[in-house]
Amino acid sequence: SVSLCNTSQGCSAGFVSKVWKRDAHGYQQPLQCCDCFKDLRACFVLQAEVFPYPEIGNDELEEIKQLVAPVEKFFSDDVDSAKIDREATIPPETLQGLKDLGLFGIMIPEEYGGLGLSNTIYARLNEIIALDGSIAVTLAAHQAIGLKGILIAGNEAQKQKYLPKLASGEHIAAFCLTEPGSGSDAASIQTRATLSEDGKHYLINGSKIWISNGGMADIMTVFARTEVEVDGVKKDKISAFIVERAFGGITSGKPEDKLGIRGSNTCELSFDNVPVPVENVIGEIGGGFKIAMNILNSGRFSMGSSCAGMIKKLIELTSEYATTRKQFNKSLSEFGMIQEKFAMMALNAFVMESMAYLTSGMMDRPGIPDCSLEAAMVKVFSSEGGWICVSEALQVLGGLGYTKNYPFERFVRDCRILPIFEGTNEILRMYIALTGMQYAGKILTGKIKEMKKGNIGLAIGMVSKKLRASLGASVDLGLTGKDGVVHPSLEDSAKKLEQNVSLFGSTVESLLYRYGKTIVDEQLVLKRVADVLIHIYAMTAVLSRASRSISIGLRNHDHEVLLANTFCNDAFFKNNYWMVQLQKHSPENNDANIKKIAKQVLENRAYICSHPLERTY
Amino acid sequence: MKGSRCLHQLKSLRLLSHAGRLLPPAAGDNGALFRPRSSSQLGGLQCAQREVLRHFHSSPACTKGQPARFVQEEDKTRDKSLVTHDDLFEQVAKEAKTKATFNKVIDVYTKGDIRRRGHVEFIYAALKKMPEFGVEKDLTVYNKLLDVFPKEVFVPRNFIQRMFNHYPRQQECGVQVLEQMENYGIMPNIETKVLLVQIFGEKTHPMRKYQRIMYWFPKFKHVNPFPIPEQLPEDPVDLARFSLTRMANDWDAKVTVYQLPCTDVTESGAEVTLPHIVGIQSPGQMEALAKHNPDRPVFVEGPFPLWMRKTCVYYYVLRADPTPPEEKIEEPYDPERCLSYPLQLDLDLDRDLGDDESFDVEDLDEGPVFAMCMTSQGDQATLNQWISGLQESNPILGQIPTLFRLGAGPRELQGVGDADSASRSWFPSHVQREEAHPGEEAEAVVEEAEAVVEEAEAVVEEEPRRSQGVKQ
């Protein structure tokens, strides 16, 4: 049944295929059973790639250590984040420093002059780079999306021509997709590229907004509509172009005045008959949609390590204050509510790290693994966790944190962008949930149809299984026990994960039974599905990492076990609560009311309650 | 507790308000009249306050003797014969039917006879006359009317009286006053309650009525989600703007004034009055119109009535027939539409019946309405002006044949005063229409839509026919 997932077609192939295909290989002997739930569970848990936790070689580790030290030194000595924030620009000497460190070409292969580092090391470097939001965004816009198109879909000539200068930072790249009328909607891209009469150039006309590095970029990946003939019918399709500012006709608008990441340059770009040689088309003409999707999907994974790096820094900054500041003859650190904040920050950092490096490790596997689903989950989890942690860190300092004398308000402002860019969290939740649903649906369709037809045997089987589960029969996915992959200290947590996964399987089935393909429109349902998936993935990552840490005896691995167990316990209850909400007629489910409230408010475009001081007589 | 506190407050309030009211009427009356009245009212209240249990009548003894003189001076016809109370109002009404005169009649009556003989009849008569005096929506007048009842006489004093209908005629009359208030949507206030308690006592029929009103009225006060202001705008353009917005009920709908009403003098010296044309269209309607199949005609229909309280206005719509099922094309699913997630799932599973909530009795396909307008002159020429105005923002209208299906104006809705103008024109009564347009009147087209649809192209220019509905 697993092979079914290979049949996904068209654009959804990009979304689905790889993630699910993988577990077909990672399937373990004792688990091969015909129950289709297990396939579903398997895809989240029992991938050979998840257990054991990915490791890097010793030489690579050395390389990281050599690389990290100077970057850390540079960021602590030479980067004045407060000044960058205040003056809303990154000073040229800072930029030059970054270039000298090679940070503009971390992932560009060495033959094109880059550092040629893996995703894992890229993620590691991002922990440090993220200490300054403006620099992080500038670099990400340059290499995570700006030049990614050339890197993944460009031909040899294009790579030879552009990558060396981009790697050295001589040229800065930008990614131009968003337009005034479109965010994720490709259909509303209005920028158009028309072939010139001699057939040697495309003329690009239109405007793009919110382009990071838009003001200083020399090379841009621009997406525009082109006329393509498909089966004799002329159709508009999106194509990707490498556009140099030197081609002329490009004007950039005033830099946007933003809440955070103020040092990064974001502006509008307009293209007026910009002549782009035909050899600058990335991939083939009309194939821009897939390129855009792949670039976006691959750019997200590093946010987990960025947020973790930021939180680790915040813990250092705030713990000093909490331990020295006295209230009522006690230091702040003795108060439970302050302790809770630090525990939460540590937990979040730990989970983000685990997820981020698990994902980057999977991406570094040979072949071209598609980890877009995992990356999306990491992005959603870490951007939201990061926001909470930053605001709690500020809270520890109280009023002091609110002033510009401390960096916390800047962190809060910078951090607010995370749930917004690189795909808003709402949209990514849709992606996560629908990808899962599509996969599960492929497997379960036949069974559900049988059930709807009234297959009694199947129904009885279902009921008895539910009964057994409700009577407390344990679910065994082989995580623990004799051949288990999880360390015995984490057995309870692993059991919880197994229970969650099992319940999730039946929840997904009942959702598919109820909504079928119209589940696309049930956003509140999908949101919970996505949240459960994210937490299941987080539990998996944490268990895998902690198991490895114990096994090889890393320093403070007992603390990791503590964190892992705490997180799994917490996530277990959250998942159960969400899945109860997903049941039909569940009293915990307020969806109908929520929709109604929103409808009435939106119809009136105002808060419509009468003022409490109003009276009728 | 709370009630008694209110009662107490109210009494002192009334004292004040009476004291405040002393001066204005005194200006018109002579001094002799002024003194006893004020003292009687003040005295009466004080008595009621202090000696609630002792006195049945609210009027204290000191006022006795005064009313006789008052009646002689004030109203000579009244004591001569068995005048009905209607006549009393009629006599006063000869001067002017206002609140002041109405109050005067009540005053005359209450001062006239210490025993308030025939007060039930008087109150009934007064209730009937209230709309004529334009005081049917005035709470103070109702309270004043209730004040006519003698106080404490009808309050049951033992359980037998309480058990049976004590003073049924009086109670019924009291209920009638409240009923009329209810019909006019007047909410009683605490003063009404105090009066009712003083007159009838707790737990009597009028009190029950009062309580019921006070229970329901606040609940119904804001029950209308689309309230109409008490005062409608006077200016026809403003009125049209208001009513169109109200009908469209779309925040994005844009009102356009295609023509302001104005009067021009042509070279030949004839006065030409241009009617106002006010239209409304929302972006959604523009979009729907842009997608309309140009081979299928659109219709200008009207006039349709719209009642705004007591005003009726008329509007016209631009609409089309519902799209036949064979022309409805669903936009094909484009997998390269959304950059972030699949907009459709590739699944062969439909929604379960138990969760299918798509059934909707209101979901009837009546054909789209593309725009609405209001004008003071609903002939084809004027409406054509509207359509050409619309065409500026909806260029597709240039390709779509436009048919005018104008019905006869609803004559039966016209006011009495407009009877003769109504016989001349079919225009709605509120429309100010000059007589200078016999030609246009002939142009007024009432086309039977069915007959016209077939010859779609020709219709716009079609020779206007005069329908049988044009003239009476």
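Definitions and limits used
Residues numbered from 1 in each chain as written. Chains lettered and ligands numbered in written order. Predicted model: local features only at pLDDT ≥ 70, side-chain atom pairs only at ≥ 80, totals over all residues. Heavy atoms only, no water. UniProt positions renumbered as here; feature names shortened; annotations may be inferred. Helix = DSSP H or I, 4+ residues; strand = E, 2+ residues; numbered from the N terminus. Buried < 20%, exposed > 50% of the residue type's maximum accessible area, 1.4 Å probe, protein only. Areas by Shrake-Rupley, 256 points an atom, 1.4 Å probe, with all protein chains shown as cover. Rg over C-alpha atoms; globule rule 2.2 N^0.38 Å. Contact = heavy atoms within 4.5 Å. Lys, Arg positive; Asp, Glu negative; His and termini not counted. Charge placed at Lys NZ, Arg CZ, Asp CG, Glu CD. Patch = residues over 30% accessible without salt bridge, like charges linked within 9 Å, V, L, I, M, F, W, Y side chains within 5 Å. Salt bridge = Lys/Arg side-chain N within 4 Å of Asp/Glu carboxyl O. Phe/Tyr/Trp six-rings, centres within 6.5 Å; stacked < 30°, edge-to-face > 60°. Lys NZ or Arg CZ within 6 Å of the ring centre and 35° of its normal. Pairing = 2+ DSSP bridges. Axes fitted to C-alpha atoms, helices over the stretch in contact; angles between N-to-C directions. Buried area = accessible area lost by both parts, 1.4 Å probe. Polar contact = N/O pair within 3.5 Å; in protein donor to acceptor, adjacent residues only side chain to side chain. Nonpolar A, V, L, I, M, F, W, Y, C, P; charged D, E, K, R; others polar. Parallel < 35°, antiparallel > 145°, perpendicular 65-115°, else oblique. Expected span 1.5 Å × (residues − 1). Bend = angle between axes of the 7 residues up to and from the residue. Domains from an automatic or database assignment.

An unreviewed UniProt entry lists chain A under the name Complex I assembly factor ACAD9, mitochondrial, with Oreochromis niloticus as the source organism. The UniProt entry for chain A carries the following comment under Subcellular location (unreviewed entry): "Mitochondrion inner membrane". A UniProt comment under Sequence similarities (unreviewed entry) is attached to chain A, and it reads "Belongs to the acyl-CoA dehydrogenase family."

1. Notes on the overall build of chain B
Check the secondary structure of chain B and you find 18 helices and 8 strands. Per-residue burial for chain B yields a buried fraction of 43% across its 472 residues. As displayed, chain B has an accessible area near 26,700 Å², and 53% of this comes from carbon and sulfur atoms.

2. Points about the overall build of chain A
Counting secondary structure elements, chain A contains 21 helices and 10 strands. In summary, chain A has a C-alpha radius of gyration of 26 Å against a globular reference of 25 Å for 617 residues, a match within 12%. Considered along the principal axes of its C-alpha atoms, chain A spans approximately 80 × 80 × 70 Å. Contacts in chain A between residues far apart in sequence, at least 24 positions, make up 74% of those at least 6 positions apart. Counting 66 positive and 70 negative side-chain charges, chain A places the averaged centre of each group 7 Å from the other.

3. Observations concerning a negative patch on the surface
Residue and element names in this part refer to chain A. On the surface, D59, E62, E63, E110, E111 and E156 cluster together into a patch of negative charge. It is helix α3 (residues 58-77) that provides the largest number of residues to the negative patch, a total of 3 residues. Since its relative accessible area comes to 62%, E111 is described here as exposed.

4. Here's the deal with the packing of aromatic side chains
Inspection of every chain in the model, using the stated rule, returns 20 aromatic pairs over all chains. Between A:F74 and A:F75 the ring centres are 5.9 Å apart and the planes differ by 85 degrees, which places this aromatic pair in the edge-to-face class. Look at A:F75 and you get buried, because its relative accessible area is 8%. An aromatic cluster of at least three residues, connected via ring pairs, comprises B:F89, B:F102, B:Y109, B:F122 and B:F133. The ring of A:F411 is capped by A:R410, whose NZ or CZ atom sits 5.3 Å from the centre of that ring. Positioned above the aromatic ring of B:Y215, the side-chain terminus of B:K219 is 3.8 Å from the ring centre.

5. Quick notes on the environment of A:A193
As for its position among the elements, A:A193 is in strand β2 (residues 192-195). Contacts of A:A193, omitting those with residues within four sequence positions, involve A:Y202, A:L203, A:I204, A:A224, A:R225, A:T226 and A:F241.

6. Considerations on the sheet that holds strand β7 (residues 369-375) of chain B
Strands in a sheet are paired, the pairing made by backbone hydrogen bonds, and the direction either parallel or antiparallel. Residues and elements named next belong to chain B. Across the sheet, 6 strands lie side by side as β1-β4-β7-β6-β5-β8; this open sheet has mixed pairing. Each of the sheet's edge strands pairs with one partner strand only, and the pair in question is β1 (254-259) and β8 (402-406). Going across the sheet, the axis of each strand differs from the next one's by a mean of 30 degrees, ignoring polarity. Of the strand pairs in this sheet, β1 and strand β4 (residues 277-281) are connected by 5 bridges, and their pairing is antiparallel. Bridge pairing in β4 places K254 opposite Q281.

7. Quick look at the interface of chain A and chain B
In this complex, chain A contributes 42 residues to the contact, which on the side of chain B involves 27 residues. Buried area between chain A and chain B, summed over both chains or domains, comes out near 3,500 Å², and the portion from carbon and sulfur atoms is 57%. Remark: the boundary between chain A and chain B carries 5 salt bridges. A:K449 is paired through a salt bridge with B:D348; the nearest N and O atoms lie 2.4 Å apart. The interface formed by chain A and chain B holds 12 residue pairs in polar contact (both at pLDDT 80 or more) in total. Where the side of chain A that touches chain B is concerned, the elements lending two or more residues are α1 (10-26), α10 (288-298), α16 (425-453), α18 (491-515) and α21 (591-604) of chain A. By residue number, the principal contributor to the side of chain A that touches chain B is α16(A), which donates 12 residues. Considering only residue class, the side of chain A that touches chain B consists of 20 nonpolar, 11 polar and 11 charged.

8. A word on the UniProt feature "domain: Acyl-CoA dehydrogenase/oxidase C-terminal" (unreviewed entry) in chain A
According to UniProt, the positions carrying the feature "domain: Acyl-CoA dehydrogenase/oxidase C-terminal" (unreviewed entry) are residues 286-433 of chain A. Taken as a whole, residues 286-433 of chain A contains 73% helix and 3% strand, while its terminal C-alpha atoms sit 28 Å from one another.

9. Here's the deal with the packing of helix α19 (residues 523-552) of chain A against α21(A)
Residue and element names in this part refer to chain A. One way to put it is that α19 packs onto α21 with a least axis distance of 10 Å and a crossing angle of 125 degrees. It follows from the interaxial angle that α19 and α21 lie oblique. Residues L524, V525 and R528 of α19 touch α21, and the partners they reach there are D591, I594 and K595. Among the residues making up the contact of α19 with α21, the classes are represented as 3 nonpolar, no polar and 3 charged.

10. Things to note about the side chain of A:S549
All names here are of chain A. By secondary structure assignment, the location of S549 is in helix α19. The exposure class assigned to S549 is buried, which follows from its relative accessible area of 1%. Setting aside its immediate chain neighbours within four residues, S549 contacts L554, H557 and E560.

11. A short note on helix α7 (residues 119-133) of chain B
All names here are of chain B. Between the first and last C-alpha of α7 there are 19 Å, a value that for 15 residues agrees with the 21 Å anticipated at 1.5 Å per step. The sharpest bend along α7 measures roughly 30 degrees and falls at L127, with the proline P131 sitting one to four residues further on. Taken residue by residue, α7 has H119, V120, F122, I123, A125, A126, L127, K129, M130 and F133 as its buried positions. Looking at the packing, one finds that the buried side of α7 touches α5 (85-93), α6 (99-112), α8 (139-146) and α10 (168-183). G134 lies just past α7 and shows a positive phi near 70 degrees.

12. Describing unusual backbone geometry
Negative phi characterises most residues that are not glycine, and trans characterises most peptide bonds. Residue B:P303 follows B:G302 across a cis peptide bond; omega there is -5 degrees. Here B:P303 lies in strand β5 (residues 298-308). Even without a glycine there, the phi angle at A:F328 is positive, about 50 degrees. Mapping A:F328 onto the fold places it in the loop between β9 (326-327) and β10 (330-331). A relative accessible area of 69% means that A:F328 is categorised as exposed.

13. A short note on the domain arrangement of chain A
Residue and element names in this part refer to chain A. In terms of domain boundaries, chain A breaks down into domain 1 (290-420) and domain 2 (427-591). Between domain 1 and domain 2, the residue contacts involve 22 residues of the former and 18 residues of the latter. When the buried area of domain 1 at its contact with domain 2 is split by residue, L347, F350 and M377 rank highest and sum to 32% of it. At the junction of domain 1 with domain 2, the criterion picks out 2 salt bridges. The partner of E384 in a salt bridge is R429, with the nearest N and O atoms 2.8 Å apart. Scanning the region where domain 1 abuts domain 2 turns up 6 residue pairs in polar contact (both at pLDDT 80 or more). Every element with two or more residues in the side of domain 1 that touches domain 2 is listed here: α12 (336-363) and α13 (372-397). Here the residues of the side of domain 1 that touches domain 2 are counted per class, giving 13 nonpolar, 4 polar and 5 charged.

14. Things to note about the pairing of strand β2 (residues 262-265) of chain B
Residues and elements named next belong to chain B. The sheet contact formed by β2 and strand β3 (residues 271-274) spans 4 bridges and is antiparallel. Among the inter-strand pairings, V265 is bridged to a residue of β3, identified as E271. Remark: 5 residues form the turn of the hairpin made by β2 and β3, two consecutive strands paired antiparallel; G269 in that turn has positive phi of roughly 95 degrees.

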